[in-house]
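# Survey of secondary and tertiary structure
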Amino acid sequence: GAGVSQSPSNKVTEKGKDVELRCDPISGHTALYWYRQSLGQGLEFLIYFQGNSAPDKSGLPSDRFSAERTGGSVSTLTIQRTQQEDSAVYLCASSLVSRGLNTGELFFGEGSRLTVL
Amino acid sequence: SQQGEEDPQALSIQEGENATMNCSYKTSINNLQWYRQNSGRGLVHLILIRSNEREKHSGRLRVTLDTSKKSSSLLITASRAADTASYFCATPWAGQGGKLIFGQGTELSVKP
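First, a word on scope: everything that follows refers to the structure included in this document. Since this is a predicted model, take the numbers as computed values, not measurements.

## What to know about the overall build of chain B
The helix and strand tally for chain B stands at 0 helices and 11 strands. In chain B, the succession of helices and strands from N to C terminus is β-β-β-β-β-β-β-β-β-β-β. Here chain B has a C-alpha radius of gyration of 13 Å; the compact-globule value for 112 residues is 13 Å, and the two agree. Judged by the C-alpha coordinates and their principal axes, chain B covers about 45 × 30 × 20 Å. Within chain B, buried positions represent 46% of all 112 residues. Counting only contacts in chain B whose residues sit at least 6 apart along the sequence, the fraction spanning at least 24 positions is 55%. Carbon and sulfur atoms form 45% of the exposed surface of chain B, whose accessible area is close to 5,300 Å².

Below is the structure:
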């Protein structure tokens, strides 16, 4: 597609359930990022992929959070045993990165809004 | 923390007025970027200014960068109601890797 695509756009789940959020980056973009944005807040970095590997997963808040990327393309963010504090908008972005240095812009998807009841 | 700060947190102006938002950061950078986010949407890149540039223009946007003060400003001239959005500055992470570190944002409201 022309842009970064995320699904679902909205997800309501019960506390304790697992959720999967999907990101389809712009074709050819080697770098993929997950951020989290709580209501009225800035963006909190979660994880960064270069190709299929994740050299920086320092922002994952707990071991309930995991992410993978396959074929250098689609990425899935999984949250196990969801808690109410996980409620947020999860934003995915992609970019062209050369030699690990980001000198350009990130292209964002519209986000997946997660509500944990 | 490398995270920068933005000032003001919220700004309300009338259509036609200019809006100025400021961003401060903490580490050496090779570029600084500004993004816009409409309510309930993703972020959209507005402009990138490199560390060897002091000022850059794009349409009604003017960005300045003062590396000695570790600060940047975004000026929107002749604002329109459609400019209502949150504006974020972002700097590349100082360590290895390509992530950007975002400020908390300025929420701009332009009243018709």
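## Observations regarding the layout of surface pockets
Its boundaries defined by the atoms lining it, the largest pocket holds a volume of some 680 Å³. Lining the largest pocket are 30 residues; nearest its centre among them are Gln37, Leu39, Gly40 and Gln41 of chain A together with Gln37 of chain B. Secondary structure elements with two or more residues in the lining of the largest pocket: strand E9 (88–95) and strand E11 (112–116) of chain A together with strand E9 (85–92) and strand E11 (106–111) of chain B. A breakdown of the residues in the lining of the largest pocket according to their chemical character gives 6 nonpolar, 20 polar and 4 charged.

## Details of the environment of Ala85 of chain B
Residue and element names in this part refer to chain B. In this structure, Ala85 sits in strand E9. The exposure class assigned to Ala85 is buried, which follows from its relative accessible area of 6%. Sequence separation between Ala85 and Gln37 is 48 residues, and the spatial gap between their C-alpha atoms is 5.7 Å. Excluding its chain neighbours within four sequence positions, the residues that come into contact with Ala85 are Arg36, Gln37, Asn38, Thr106, Glu107 and Leu108.

## Focus: the sheet that holds strand E3 (residues 19–24) of chain B
All names here are of chain B. Within the open sheet, the 5 strands sit side by side as E1-E3-E8-E7-E6. Their pairing is antiparallel. With one partner strand each, in any of the chains shown, strand E1 (5–7) and strand E6 (55–58) form the two edges of the open sheet. Within this sheet the neighbouring strands show an average axis-to-axis angle of 15°, counted without direction. In terms of strand pairing, E1 meets E3 through 3 bridges, oriented antiparallel. Residue pairing for E3: Glu5 is matched across the bridge by Ser24.

About the criteria used
Residues numbered from 1 in each chain as written. Chains lettered and ligands numbered in written order. Predicted model: local features only at pLDDT ≥ 70, side-chain atom pairs only at ≥ 80, totals over all residues. Heavy atoms only, no water. Helix = DSSP H or I, 4+ residues; strand = E, 2+ residues; numbered from the N terminus. Rg over C-alpha atoms; globule rule 2.2 N^0.38 Å. Buried < 20%, exposed > 50% of the residue type's maximum accessible area, 1.4 Å probe, protein only. Contact = heavy atoms within 4.5 Å. Areas by Shrake-Rupley, 256 points an atom, 1.4 Å probe, with all protein chains shown as cover. 1 Å grid on protein atoms, 1.4 Å probe; cavity = no way out; pocket = protein on both sides within 12 Å on 5 of 7 lines; lining within 4 Å. Points joined across faces, edges and corners; volume = space filled by probe spheres on them. Nonpolar A, V, L, I, M, F, W, Y, C, P; charged D, E, K, R; others polar. Pairing = 2+ DSSP bridges. Axes fitted to C-alpha atoms, helices over the stretch in contact; angles between N-to-C directions.

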